[in-house]
Amino acid sequence: QGEFVNDWKDQFGFIPLISENIAFTSEGFTHSYTLFQNSPSHFANMVDPTFEIVGLGIAVENGKMYVVQEFSTKPIAASSTTTLRNEILAAASQHGLVPIQHSGLTHVAQGWATSVAGSDTISLNIAGQSALAVAKEKTGISTLDSFISKADNLEVIKSQVTNKLSSYSGEVQLGLGVEQSVTGGIYATLIIRQ
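Values in this document were obtained by computation on a predicted structure and should not be read as measured data. (Residues numbered from 1 in each chain as written. Predicted model: local features only at pLDDT ≥ 70, side-chain atom pairs only at ≥ 80, totals over all residues. Heavy atoms only, no water.)

Chemist: Residues and numbers for the pairing of strand S9 (residues 186-193), please.
Modeler: Burial within S9 is extensive, with seven of its eight residues counted as buried. The sheet contact formed by strand S8 (residues 170-180) and S9 spans eight bridges and is antiparallel. Looking across to S9, one finds that Gly-177 is bridged to Thr-189. Between S8 and the antiparallel strand that follows it, S9, lie five residues; Gly-184 among them carries a positive phi value of about 95°. (Buried < 20%, exposed > 50% of the residue type's maximum accessible area, 1.4 Å probe, protein only. Helix = DSSP H or I, 4+ residues; strand = E, 2+ residues; numbered from the N terminus. Pairing = 2+ DSSP bridges.)

What follows is the structure, given as structure tokens:
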């Protein structure tokens, strides 16, 4: 009681977008549903295909029914990003690459992914500085390439990153970052040294 959706969103670990519908009525649950349907913004939440998780709360007090609907996309599990990284490395190996994860490049790539997911926009920058410039400064490696991708699911990200890596041959050092934005979009950033 007295908390906003974003207060408990952080408490329970929901990273993606959450939206909320609230109605109160003395005419019962069916009437609350009708109220939601007749309100363009409430109805938009109910039919938004990006919301994959729905919660419903009902309370009755002094003859009034309070109905709350919560909507969210599914957050990416840490195990899913680890699996994604392993699958990308395995796929790169099948293309004849010898991919080597470089801890410094991975650190910068993850920072870059977190930055672009936070702003929910594709950018080649981390806090106003070129991601490649940051990687060069942090690792001392001067010849680097980069790639950024955004998709709605991990399979598309895997395909896009694997496709990018297939343009290389031999041994490559790389860093891969993966992060989900509050709207549910998944960003992958790749920094490569050959």
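What follows continues from the structure just given.
Chemist: Go over the nonpolar core, please, and point to the residues and values.
Modeler: Counting residues in each nonpolar core, the largest one holds 18 residues, and the members touching the most others are Ile-157, Val-161, Leu-165, Leu-176 and Leu-190. Elements supplying a minimum of two residues to this core: helix H4 (78-94), helix H7 (154-165), S8 and S9. Not counting chain neighbours up to four residues away, the residues in contact with Val-161 comprise Ile-88, Phe-147, Leu-176, Ala-188 and Leu-190. In terms of nonpolar packing, the next biggest core, distinct from the first, is built from 15 residues, Val-108, Ala-117, Val-134 and Leu-144 among them. (Core = buried A, V, L, I, M, F, W, Y, C linked by side-chain atoms within 4.5 Å. Contact = heavy atoms within 4.5 Å.)

Chemist: Break down a nonpolar patch on the surface for me, citing the residues and quoting the values.
Modeler: Nonpolar side chains collect at one region of the surface, where Phe-29, Tyr-33, Leu-56, Ile-58 and Val-60 lie side by side and expose about 480 Å² of accessible area between them. At the level of elements, helix H2 (29-38) and strand S2 (53-61) are the ones that each hand at least two residues to the nonpolar patch. Of all the elements, S2 adds the most residues to the nonpolar patch, at three residues. Among the secondary structure elements, Leu-56 is positioned in strand S2. Leu-56 sits in the exposed class, given a relative accessible area of 52%. (Patch = residues over 30% accessible without salt bridge, like charges linked within 9 Å, V, L, I, M, F, W, Y side chains within 5 Å. Areas by Shrake-Rupley, 256 points an atom, 1.4 Å probe, with all protein chains shown as cover. Salt bridge = Lys/Arg side-chain N within 4 Å of Asp/Glu carboxyl O.)

Chemist: I'd like a description of the sheet that holds strand S4 (residues 97-101), backed by residues and values.
Modeler: An order of S4-S8-S9-S7 is seen for the four strands of this open sheet, with the pairing classed as mixed. This sheet does not close on itself; its edge strands, each paired only once, are S4 and strand S7 (145-151). Strand-to-strand twist of the sheet, defined as the mean angle between neighbouring strand axes without regard to direction, takes the value 30°. Lying on the sheet, helix H5 (residues 103-119) is in contact with S4, S7, S8 and S9; it crosses S8 at an angle near 30°. (Axes fitted to C-alpha atoms, helices over the stretch in contact; angles between N-to-C directions.)

Chemist: Give me the pattern of salt bridges: which residues, what numbers.
Modeler: In the structure shown here, the tally under the stated rule is two salt bridges. In this structure, Glu-87 and Lys-158 form a salt bridge, with 3.5 Å as the shortest nitrogen-oxygen distance. Taken together, the residues span a long stretch of sequence, with Glu-87 in helix H4 and Lys-158 in helix H7 at a distance of 71 residues.

Chemist: So what's going on with the side chain of Gln-69? Residues and values would help.
Modeler: With respect to the secondary-structure elements, Gln-69 resides in strand S3 (residues 64-72). For Gln-69, the residues in contact, after removing those within four places along its chain, are Ser-19, Glu-20, Asn-21, Phe-36, Met-46, Gly-55 and Leu-56.

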